[in-house]
Each structure stands twice: as C-alpha cells, then as structure tokens.
Amino acid sequence: MRKKHSLVFFISAALLIVASALSTAFTPKALAIFAAPDGGCWCTTYVANHYHLPSTYPNAYKWPGWLQKLGWTKDHVPHVGDIEVLQPKVDGANKLYGHVGVVQTARHAANKKWEITLRGAYQQIHSQFRDSNCRNVSDWTSTLSVGGHHSGVSYFYKAGLTR
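Residues numbered from 1 in each chain as written. Predicted model: local features only at pLDDT ≥ 70, side-chain atom pairs only at ≥ 80, totals over all residues. Heavy atoms only, no water.

Some remarks on the overall build of the protein chain
Thought 1: Scanning the protein chain from N- to C-terminus turns up three helices and seven strands.
Thought 2: Seen in sequence order, the protein chain has helices and strands lined up from the N terminus as α-α-α-β-β-β-β-β-β-β.
Thought 3: The buried share of the protein chain, reckoned over its 163 residues, is 37%.
Thought 4: Within the protein chain, counting contacts between residues at least 6 apart in sequence, those at least 24 apart form 55% of the total. (Helix = DSSP H or I, 4+ residues; strand = E, 2+ residues; numbered from the N terminus. Buried < 20%, exposed > 50% of the residue type's maximum accessible area, 1.4 Å probe, protein only. Contact = heavy atoms within 4.5 Å.)

Here's the deal with the confidence of the model for the protein chain
Thought 1: For the protein chain, per-residue confidence averages 81 on the pLDDT scale, and 75% of positions sit at 70 or higher.
Thought 2: The least confident element of the protein chain, judged by mean pLDDT, is helix α1 (residues 2-22) at 46; the most confident is helix α3 (residues 63-69) at 97.
Thought 3: The model gives residues 12-33 a pLDDT under 50, and that stretch makes 16 contacts with residues more than four places away or in other chains. (pLDDT = per-residue confidence, 0-100.)

Quick notes on the sheet that holds strand β4 (residues 113-121)
Pairing between the strands of a sheet comes from backbone hydrogen bonds, and it takes one of two forms, parallel or antiparallel.
Thought 1: With antiparallel pairing, seven strands are arranged side by side in an open sheet as β1-β7-β2-β3-β4-β6-β5. Two strands in the sheet have a free side with no partner beyond their single neighbour: β1 (73-75) and β5 (129-131). Shown here is a sheet whose adjacent strand axes are inclined to one another by a mean of 45°, direction ignored.
Thought 2: Here three bridges tie β1 to strand β7 (residues 153-157), and the two strands are oriented antiparallel to one another. (Pairing = 2+ DSSP bridges. Axes fitted to C-alpha atoms, helices over the stretch in contact; angles between N-to-C directions.)

Topic: the nonpolar core
Nonpolar side chains in soluble globular proteins generally cluster together in the buried interior.
Thought 1: Core analysis: the biggest nonpolar cluster contains 21 residues, and Val47, Leu53, Trp63, Leu67 and Ile83 have the highest contact counts within it.
Thought 2: Elements with a contribution of two residues or more to this core: α2 (43-50), α3, β2 (83-86), β3 (99-110) and β6 (134-145).
Thought 3: Per-element tally for this core: the top contributor is α2, with four residues.
Thought 4: Membership of the second largest hydrophobic core comes to twelve residues, among which are Val90, Trp140, Val153 and Tyr155. (Core = buried A, V, L, I, M, F, W, Y, C linked by side-chain atoms within 4.5 Å.)

A look at the packing of aromatic side chains
Thought 1: In total, this model carries four aromatic pairs according to the counting rule given.
Thought 2: Ring plane angle 70° and centroid distance 5.3 Å describe the contact between tyrosine 51 and tryptophan 72, whose orientation is recorded as edge-to-face. One end of the pair, tyrosine 51, is in the loop between α2 and α3; the other, tryptophan 72, is in the loop between α3 and β1, with 21 residues separating them in the sequence.
Thought 3: Each ring, one from tyrosine 57 and one from tryptophan 63, has its centre 6.1 Å from the other, and the planes form 50°; the classification is tilted.
Thought 4: What makes tyrosine 57 buried here is its relative accessible area of 9%. (Phe/Tyr/Trp six-rings, centres within 6.5 Å; stacked < 30°, edge-to-face > 60°.)

Overview of the environment of proline 54
Thought 1: You can see proline 54 is positioned in the loop between α2 and α3.
Thought 2: Separated by 16 residues in sequence, proline 54 and leucine 70 place their C-alpha atoms 9.4 Å apart.
Thought 3: Contact partners of proline 54, with chain neighbours within four places excluded, come to Ala48, Trp66 and Leu70.

Considerations on the pattern of salt bridges
Thought 1: Following the criterion strictly, the structure yields four salt bridges and no others.
Thought 2: The residue aspartate 75 makes a salt bridge to arginine 163 at a minimum N-O spacing of 3.0 Å. Note that aspartate 75 is positioned in strand β1 and arginine 163 in the segment after β7, a separation of 88 residues in sequence.
Thought 3: Assessed through its relative accessible area of 39%, arginine 163 is described here as partly exposed.
Thought 4: Of the charged contacts in the structure, one is a salt bridge between arginine 119 and aspartate 139, with a shortest N-O distance of 2.7 Å. Of this pair, arginine 119 sits in strand β4 while aspartate 139 sits in strand β6, and the two are 20 residues apart along the sequence.
Thought 5: Within this structure, Asp75, Asp82 and Arg163 form a network of salt bridges that share partners. (Salt bridge = Lys/Arg side-chain N within 4 Å of Asp/Glu carboxyl O.)

Listed below in structure tokens is the structure:
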C-alpha cells in the first residue's frame, strides 16, 4: 500500500511539474523563442514581450511587413513608444538580421537627422538592466538619418497603444 501511495505521489508531482512548464499564464508568449547566445533575450523577444506581440515573430529585418499585418502603422519619423526597425548593417544593426527596439526619446537634430534613444535587448556594449522579462536590456543613443524610403530605418506605431 505504501508503494502505491508513493507512486501516486510521484505521478502527481510529475504531472504538476509538466503542467506548470507548459503553462504560459505567467510568462509572455514571446518567451517560447530561444534565448540569445548570452542567455538573455534577442531584440525581437524584448519588443514582443514589451508590447505583448505573438511569439510568431520573424527576424528583425522582416518586422515591417509582419507589424503591418498585425495592424501597426508605418511612419518615417520617430516618436516615443514607436518600434524602430533597423535593416541589416544600418547604424550598427546585425549584418544578417537587423535590429528592433522601442524608442525612448526622439529629438530632431538637423536636416533629416534625429538623435534617438532606443531601448532594446542584445545591445551588448551598454550597461544592462531587466525589463519585460529580459535581463539584458539597455538604452542606446545614436544620431540617424531618417525620413527617406531607403534609409533602412522605419518606425511603427499602434493607435491608442503607442500614440
């Protein structure tokens, strides 16, 4: 009888562990995607977590079409809260996959140049903190030429959410 109770306890505990591992009630959907090599989040994971986007997100350079399918509007001028998409090799973005982040500040500098502070993950050269379930988040300020259709930089907003 004692062995039977031990087996029932073991099976119950195992099922509880499996059920909690499969539960997404307390974690953002995007955490289903693999972690970055440093064990933190990819830039795409951070932004998806931040805005509670589906975990079906593509690589950063494909975000323009993906965001528009989700109802986000494209803009060529940055605003606080926008998702910034950098195409590969633009302003230090990954040469294969590009980069995404959330605009924290946007200040018109001169001509078509803007000084932008971008919050994102996997921006390795900056001091890091925890945000949106990612432990490798940082703010990165740079001056970019924006506004042209071929600049390699685009901004996306969702009415009522970011503006």
